[in-house]
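Topology and contacts: notes
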Amino acid sequence: MSDKPSLHKFKDMLEELFGQSLTPDAELAANDFWDSWEGLIDGFKNGSIQMNVDMLFLSKNFPEYGQYKVWKGFGTIAMLAGLILLFISWKIAIAVIVIGLGLNFYSNTAKTSSGQKFTEEIKQELNSNSSMGMAKICSYYIAGTIQLALQDGYAHWPAYPSSVFGGEAKFIKA
């Protein structure tokens, strides 16, 4: 691909995204990501490689994607309050428990929606600037925020990103 940066420039992009030097493990992953560039970018663009988001890591590093936690918390509080209310009034308790279940359901929907929004933003970046888009995907992979999945295989940190193609995870050992 014409917009594939040199390996050195790619690592510089990653260091800029992380705000620090790459660790030896991260450097091995970056090398593997760069070596598999064409296969990965083709897989992302044609949709055969999926990015599965770890919402816990995502919401920790990007609070704007963690708002589902508020609804989950309210739902949990409502269900606990409903259980306590069972001793006072079972009719009110059932209503409060149903509200709690509804809030938990909404939380799960918001969580899924946030993950989809995140992956769509990455794909847009990849389509507009494939070098920076690939650097961001690699940084999210190294950070444990996403895992890569193909029909026959998957790769998640600390496995080599190219493991997505082989179906067998080869782990990074620096």
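The structure this text deals with has already been given above.
Let me begin by describing the structure that accompanies this report. The structure displayed is predicted, hence computed values, not measured ones.

**A look at the overall build of the protein**
- Along the protein, the regular secondary structure elements total eight helices and three strands.
- Relative to its length of 174 residues, the protein is extended, with a C-alpha radius of gyration of 21 Å against a globular reference of 16 Å.
- Projected onto the principal axes, the alpha-carbon positions of the protein cover approximately 70 × 30 × 30 Å.
- Counting all 174 residues of the protein, 37% fall into the buried class.
- Considering only residue pairs separated by 6 or more positions, the protein has 60% of its internal contacts joining residues 24 or more positions apart.
- Of the accessible surface of the protein, which amounts to about 9,800 Å², a share of 58% is contributed by carbon and sulfur atoms.
- For the protein, the centre of its 14 positive side-chain charges and the centre of its 17 negative side-chain charges are spaced 10 Å apart.

**Some remarks on the pairing of strand β2 (residues 146–149)**
- Here four bridges tie strand β1 (residues 50–53) to β2, and the two strands are oriented antiparallel to one another. What sits directly across from Asn52, in β2, is Gln147.
- With two bridges connecting them, β2 and strand β3 (residues 154–155) associate as antiparallel partners. The partner of Leu148 across the bridge, within β3, is Ala155.
- Hairpin geometry of β2 and β3 is characterised by an intervening segment of four residues between the two adjacent antiparallel strands.

Conventions we followed
- Residues numbered from 1 in each chain as written.
- Predicted model: local features only at pLDDT ≥ 70, side-chain atom pairs only at ≥ 80, totals over all residues.
- Heavy atoms only, no water.
- Helix = DSSP H or I, 4+ residues; strand = E, 2+ residues; numbered from the N terminus.
- Rg over C-alpha atoms; globule rule 2.2 N^0.38 Å.
- Buried < 20%, exposed > 50% of the residue type's maximum accessible area, 1.4 Å probe, protein only.
- Contact = heavy atoms within 4.5 Å.
- Areas by Shrake-Rupley, 256 points an atom, 1.4 Å probe, with all protein chains shown as cover.
- Lys, Arg positive; Asp, Glu negative; His and termini not counted.
- Charge placed at Lys NZ, Arg CZ, Asp CG, Glu CD.
- Pairing = 2+ DSSP bridges.

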